[in-house]
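# Overview (structure and organization)
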Amino acid sequence: MGLFDRLKAGLKKTKDILRTDLRDLFKAGAILDDDVLEEFEGRLIRTDMGVAASDRIVTKLREDHGGRTVDVDAVWDTVRGELRELLKGDGSTNWDLENPLSPLAKADSGPTVILVAGVNGVGKTTSIAKISNLLQKNGNKVVLAAGDTFRAAAVEQLTMWSERLGCDIVRKDSGADPASVAYEGATKAVELNADYLIVDTAGRLQTQKNLMDELDKIRRVLQKVIPEAPHESLLVLDATTGQNGLSQAKSFSAAVECTGLVLAKLDGTARGGVTVAIRQEMGIPVKYIGVGEGIDDLEIFDPDGFVDALFSN
Amino acid sequence: MFEGITEGLTNAFSAFRGSGKITEANIRDGMKQVRTALLEADVAFDVAQDFVKQVTEQAIGAEVLKSLRPDQQIVGIVNQCLIDLMAGDHQLAIKRDGITVIMMCGLQGSGKTTTCGKLAKMLKEDGKSPFLVAADLQRPAAIEQLKVIGDQVGCPVYHEDPAKSDPVQVCRNGVKQAKASGATVVILDTAGRLGIDDELMKELQRIDNRVAPDTCLFVCDAMTGQDAVNSARAFNEALELDGVILTKLDGDTRGGAALSVKAVTGVPIKYVGVGEQLDRLEQFHPDRMAGRILGMGDVLSLVEKA
Ligand SMILES: Nc1nc2c(ncn2[C@@H]2O[C@H](COP(=O)(O)OP(=O)(O)OP(=O)(O)O)[C@@H](O)[C@H]2O)c(=O)[nH]1
Ligand SMILES: Nc1nc2c(ncn2[C@@H]2O[C@H](COP(=O)(O)OP(=O)(O)OP(=O)(O)O)[C@@H](O)[C@H]2O)c(=O)[nH]1
Ligand SMILES: [Mg+2]
Ligand SMILES: [Mg+2]
C-alpha cells in the first residue's frame, strides 16, 4: 500500500461518513435549501471541526449555491476548496509525501531536538517511539530523554520502546527533575553525535500553570546545551478530542511555541476535525497522524490527501 | 470563551423579556444560542438537536409563571432538562457479602489504570479490601504502572508474564486469587481499545463471559468530542455497561461528553476524575455538570442578570 492509500485507510471512517452521506445529501437536481445546509452542518460538526469552521463552509456554500439546483461537482469543489484553505493556512510547511521526514525541522549542525508535549494520555510516548522508528529507518541516530518522571512507570514505558528500537535513552529515577533529564539528554546527544534528541514529557492539562512553567523550563535548559533547541515542539493531540483541542493548542503554544501537531488515534471513528479549527485560528499544522498502537503506525500528514480522503471516491 | 456564551444567552433571552408569553418565535433565537453552547461544549450533534427540540416544546407548553420573567424561566428549564438527562443512580454497587468484581474498559489513554488505583483507594478508605488485576498485556509497562499504583494504595496487584498468558486467563486467575486472599472487591484493569476493533472487543466479551463481573465501568475522557457517542455505544453494545467514570475534568473542558454518553447509553455517570493523584476522584453532580456544559459556572447568577 502506498502512503496515500494508507492515509486513506487510516481515515476510512471519516471518508465513509462524509462521502457517502454527503453524496446522498447533495442530490443532483435538488434545490440546495436550508434543510440540506443544516444537515450538512451536522456532518461537519461531527468531525469536531467546531461551529466556527463549519459555519464558514456552510456560509460559503449558501452564498455560492444556495437556492439553486445542486450541481454536485460544483458543490464538492466549494467544500473541498474551503477545507483545503482552512487546512493549508499560509502554506509555509513543506509537504513531500515521498519524504516522510519533510515536515520536520533539521538543525544546521549537531543534534536536532524535538520536544514532545500534550495533555494526559493523548499518545505522546507512543508517538515518540513511532517518530524515532521513522528517523532510524532513514538512517538517523536517535537519543531519547525520559522526561516524564511523574506518571507511574512512564520511564519504564519509554525504556521498553528504546529497547525495541535499539536506541540510547537517558533516564533518571521517578520523581527526578524533568529539566535535568532534558539537560542530560542534550549533553548525551551531543556527546554521541546523535542526529536527533527526542524529549518525552509528562502529560499535563494546559490549565496547570506550574506544570506549563515546567515545560518552559525544560526548553530553557535544553538551550543551555543546544542554543537553537528545541528545533521542533510537537503537540500531540488525541483525535477524539473535541473543542478543548483549541485551548490545548493555545496554552501549549504559549509555553513552548508549538511548531506542529501529531494527531494520534486517527484509526478509530474520531475524525480529528479540531485540527482544522486549530490551523485556522493559530496556523499550527498537523505534521503526522497516528493510526495504531504499533511502531509503524505513523503517517506523514498531507492536507490535500486529508481533504481528498474525506471527499474522494 | 465562557463569557461570550453567557452573554449571548443573556442577550437572546432578554430579547423577549417583558413580552410575558413564551412563543416559538421569541424562543427561537435563544434556543439557537443554547444549541451553539452545547455544540461548543462538545455535546454530540444529534443529542444537542434533540435536546433543543425537547426544551423548546417544553417551554412553549409551559405556563408563564408570574414570579419569573420568561427568560429566567427558560434558562431554568434548559438547566433542569440538562440535570434530568444526566441524573441516574450515581452510587457504585458493592455487595455486602462476598466479592464484587469490577471491570474497567475504555479507549486508549482514557485513564483506566489510574482510575483503578483511585477506586481501590476510595474502597479501602471505606473499609473494603480491594484487589487489582493487571489484564493489560498490551501496552508497554502497563503491568509495571499498575504495580506502582497498587503500591501507592497499599493494595495487592495480580499479574502474570504477558508473554505466557492472555487477558482472559489473567482475569480468571486473578479473581480466584482475590477470593483466596479474602479480598472483597476485585478491579480488572484492561487494555485500551477502539470500539471498532472487533478482535479486542471480542476479547473484552470473553472476559465478561468467563469472569462475569458484577459491574462494568466505562472510563471516558472528559475532553472527548463528537466521537463520545460512537465509542460509548460500541462498548455498551458489547458489554452492557453499568456506569461511566468521566476523567480529566480538572482542566477547562466543558465536558459535553457527559451528556452525550448518558443520552445514547442511558448509563449513569458514577464518578469524575479531577486530577492525576489517586485521591482525585469525586462524586458526579449533574447540576454542576449542567452549569459547566452551558458555560455558566452558576446558572442562577445568569438568571439574576437576565
Ligand atoms: N489506536 C491507537 N492508540 C494509540 C495511538 N497512539 C497511542 N495510542 C495508545 O494510547 C495510549 C496512551 O499512549 P501514550 O503514548 O502512553 O500516551 P501519553 O500521551 O504518553 O500518556 P501520558 O504520558 O500518560 O500522558 C496507549 O495505550 C497507546 O498504545 C494511535 O495512533 N492509535
Ligand atoms: N489531569 C488528569 N489526568 C488524569 C486523570 N485520570 C488519568 N489521568 C492521566 O491520564 C493519563 C492516562 O491515564 P492511564 O490511567 O494510563 O490511562 P489508561 O486508560 O489506563 O491508558 P491505556 O492503558 O494506555 O489505554 C495518565 O497521564 C494519567 O495520569 C484525571 O482525572 N485528571
Ligand atoms: Mg507518556
Ligand atoms: Mg492502562
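Residues numbered from 1 in each chain as written. Chains lettered and ligands numbered in written order. Predicted model: local features only at pLDDT ≥ 70, side-chain atom pairs only at ≥ 80, totals over all residues. Heavy atoms only, no water.

### Observations regarding the overall build of chain A
Heads up, the rule is: A helix here means a DSSP run of H or I that spans at least four residues, while a strand means a run of E at least two residues long, and both kinds are numbered starting from the N terminus. Partly exposed describes any residue whose relative accessible area lies between the buried limit of under 20% and the exposed limit of over 50%, with all areas from a 1.4 Å probe on protein chains only and scaled to the type maximum. Should any heavy atoms of two residues lie within 4.5 Å, those residues are considered in contact. Residue exposure ignores everything except the shown protein chains as possible cover, and the areas themselves are Shrake-Rupley values with a 1.4 Å probe.
A count of helical and extended segments in chain A gives 12 helices and 8 strands. Expressed as a percentage of its 313 residues, the buried residues of chain A come to 60%. Taking as baseline every contact in chain A between residues at least 6 positions apart, the subset at least 24 positions apart corresponds to 77%. Of the roughly 11,600 Å² that chain A leaves accessible, carbon and sulfur atoms contribute 45%.

### Let's talk about the sheet that holds strand 2 (residues 142-147) of chain A
Residue and element names in this part refer to chain A. The condition that has to hold: Strands pair, by our definition, only if DSSP identifies at least two bridges between them. To obtain an axis, a line is fitted to C-alpha atoms, over the contacting stretch when the element is a helix, and the angle between two such axes runs from 0 to 180 degrees between their N-to-C directions.
If you trace the 8 strands from one edge of the open sheet to the other, you get 3-2-4-1-5-6-7-8, paired in mixed fashion. Only two strands of the sheet have a single partner each, and these edge strands are strand 3 (168-170) and strand 8 (298-300). Between one strand axis and the next, the sheet turns through 25° on average, direction left out of account. Relative to strand 4 (residues 196-201), strand 1 (residues 112-117) runs parallel, the two being bridged by 4 bridges. Looking at strand 4, one finds that I114 is bridged to I198. Across the sheet, helix 6 (residues 124-137) touches strand 1, strand 2, strand 4, strand 5 (232-238), strand 6 (260-264), strand 7 (286-290) and strand 8, and the angle it forms with strand 4 is around 170°. Strands in contact with helix 10 (residues 244-256) are strand 1 and strand 5; relative to strand 5, the strand with the most contacts, it is inclined by about 160°.

### Quick notes on the interface of chain A and chain B
Put simply, the rule is: Note on terms: buried area is the combined drop in 1.4 Å-probe accessible area of two parts once they are placed together, counting the loss on both. Criterion for a salt bridge: a side-chain nitrogen of Lys or Arg within 4 Å of a carboxyl oxygen of Asp or Glu. As used in this structure description, the phrase polar contact means that two N or O atoms lie within 3.5 Å; if the pair is within protein, one of them must be able to donate a hydrogen and the other to accept it, and residues adjacent in sequence are counted only when both atoms belong to side chains. The nonpolar class holds Ala, Val, Leu, Ile, Met, Phe, Trp, Tyr, Cys and Pro. Asp, Glu, Lys and Arg form the charged class, and all remaining residues, Gly among them, are polar.
Across the contact, 40 residues belong to chain A and 35 residues belong to chain B. Regarding the contact of chain A and chain B, the summed buried area is about 3,200 Å², with carbon and sulfur atoms giving 56% of it. At the junction of chain A and chain B, the tally comes to 2 salt bridges. Between R35(B) and E41(A) there is a salt bridge whose closest N-O contact spans 3.0 Å. Seen at the junction of chain A and chain B, the total is 17 residue pairs in polar contact (both at pLDDT 80 or more). Element by element, the count of residues in the side of chain A that touches chain B is highest for helix 7 (residues 154-165) of chain A, at 5 residues. Among the residues making up the side of chain A that touches chain B, the classes are represented as 10 nonpolar, 17 polar and 13 charged.

### Brief notes about the UniProt feature "domain: SRP54-type proteins GTP-binding" (unreviewed entry) in chain A
Selection rule: UniProt positions are given in the numbering used here, feature names are shortened, and annotations may be inferred rather than shown by experiment.
The UniProt entry lists residues 285-298 of chain A under the feature "domain: SRP54-type proteins GTP-binding" (unreviewed entry), expressed in the numbering used here. Helix makes up 0% of residues 285-298 of chain A and strand makes up 43%, while its end C-alpha atoms are separated by 16 Å.

### Concerning the layout of surface pockets
The cut-off we apply is this: Space inside and on the surface of the protein is sampled on a 1 Å grid over the protein atoms alone, with a cavity defined as a set of points where a 1.4 Å probe fits but cannot get out and a pocket as an open set with protein on both sides within 12 Å along at least 5 of 7 lines; lining residues have an atom within 4 Å of a point. Grid points are joined across faces, edges and corners, and a volume is the space filled by probe spheres set on the points.
Each pocket or cavity is described by its volume, and for the second largest pocket that value is around 720 Å³. Together, 22 residues line the second largest pocket, and E38(A), R28(B), K32(B), R35(B) and Q49(B) are the ones closest to its centre. For the lining of the second largest pocket, the secondary-structure elements that each account for two or more residues are helix 3 (34-45) and helix 4 (50-65) of chain A together with helix 2 (24-40) and helix 3 (45-61) of chain B. In terms of residue count, the dominant contributor to the lining of the second largest pocket is helix 2 of chain B (8 residues). Within the lining of the second largest pocket, the residues separate by chemical class into 6 nonpolar, 5 polar and 11 charged.

### Brief notes about the site of ligand 2
Note the threshold: For this description, a residue counts as near a given molecule or strand if any of its non-hydrogen atoms is within 4 Å of it.
Near ligand 2, the surroundings consist of 23 residues, among which K112(B), T113(B), T114(B), R139(B) and E276(B) are the closest. Positioned at a junction of chains, ligand 2 has nearby residues supplied by chains A and B. In this structure, an oxygen atom belonging to ligand 2 sits 2.9 Å away from a side-chain N or O atom of Q145(B). Contact between ligand 2 and G275(B): a nitrogen atom at 3.3 Å from a main-chain N or O atom of the residue. If ligand 2 stood free it would expose 650 Å²; the protein chains cover 97% of that surface. At 4 residues, the largest contribution of residues to the shell around ligand 2 is made by helix 5 (residues 112-125) of chain B. Its residues assigned to classes, the shell around ligand 2 comprises 3 nonpolar, 12 polar and 8 charged.

### Topic: helix 6 of chain A
Because the α-helix completes a turn every 3.6 residues, residues three or four places apart line up on one side. Residue and element names in this part refer to chain A. Applied cut-off: In this scheme, a helix's expected span is set at 1.5 Å multiplied by one less than its residue total.
The first and last C-alpha atoms of helix 6 sit 20 Å apart over 14 residues, in line with the 20 Å expected at 1.5 Å per residue. Counting buried residues in helix 6 gives 11 out of 14 residues, a clear majority hidden from the surface. Of the positions making up helix 6, those classed as buried are K124, T125, S127, I128, A129, K130, I131, S132, N133, L134 and L135. Where helix 6 ends, the next residue or the one after it, G139, has phi of about 85°, a positive value.

### So, the packing of aromatic side chains
Note the following rule: Only Phe, Tyr and Trp rings take part, Trp by its six-membered ring, and two of them pair if their centres are within 6.5 Å. Stacked means planes under 30 degrees apart, edge-to-face means over 60, and tilted covers everything else. Both a distance and an angle decide whether a charge sits over a ring: NZ of Lys or CZ of Arg must be within 6 Å of the ring centre and within 35 degrees of the ring normal.
Summed over all chains, the structure comprises 2 aromatic pairs over all chains. Residues F26(A) and F40(A) carry aromatic rings whose centres are separated by 5.1 Å and whose planes lie at 65° to one another, so their mutual orientation is edge-to-face. Separated by 14 residues along the polypeptide, F26(A) in the loop between helix 2 (12-25) and helix 3 and F40(A) in helix 3 bring together distant segments of the chain. F40(A) shares its class with F26(A); the two are buried. Consider the rings of F218(B) and F235(B), whose centres lie 5.1 Å apart with planes at 40°: the pair is tilted. Taken together, the residues span a long stretch of sequence, with F218(B) in strand 5 (residues 215-221) and F235(B) in helix 9 (residues 228-239) at a distance of 17 residues. Each of the two residues, F218(B) as well as F235(B), counts as buried. In this structure, R164(A) is placed above the aromatic ring of W161(A), and the distance from its NZ or CZ to the ring centre is 4.9 Å.

### A word on the packing of helix 6 of chain A against helix 7 of chain A
Residues and elements named next belong to chain A. This is how the line gets drawn: In these notes the angle categories are as follows: under 35 degrees is roughly parallel, over 145 is roughly antiparallel, 65 to 115 is roughly perpendicular, and the rest is oblique. The crossing is said to be left-handed when, going from far helix to near helix, the turn is anticlockwise and less than a right angle, and right-handed when the turn is clockwise.
At a minimum axis separation of 10 Å, helix 6 and helix 7 run at an interaxial angle of 20°. Relative to helix 7, helix 6 is oriented roughly parallel. For the pair helix 6 and helix 7, the sense of crossing is right-handed. Where helix 6 approaches helix 7, its residues T125, T126, I128, A129, S132, N133 and Q136 are matched on the opposing element by Q157, L158, W161 and L165.

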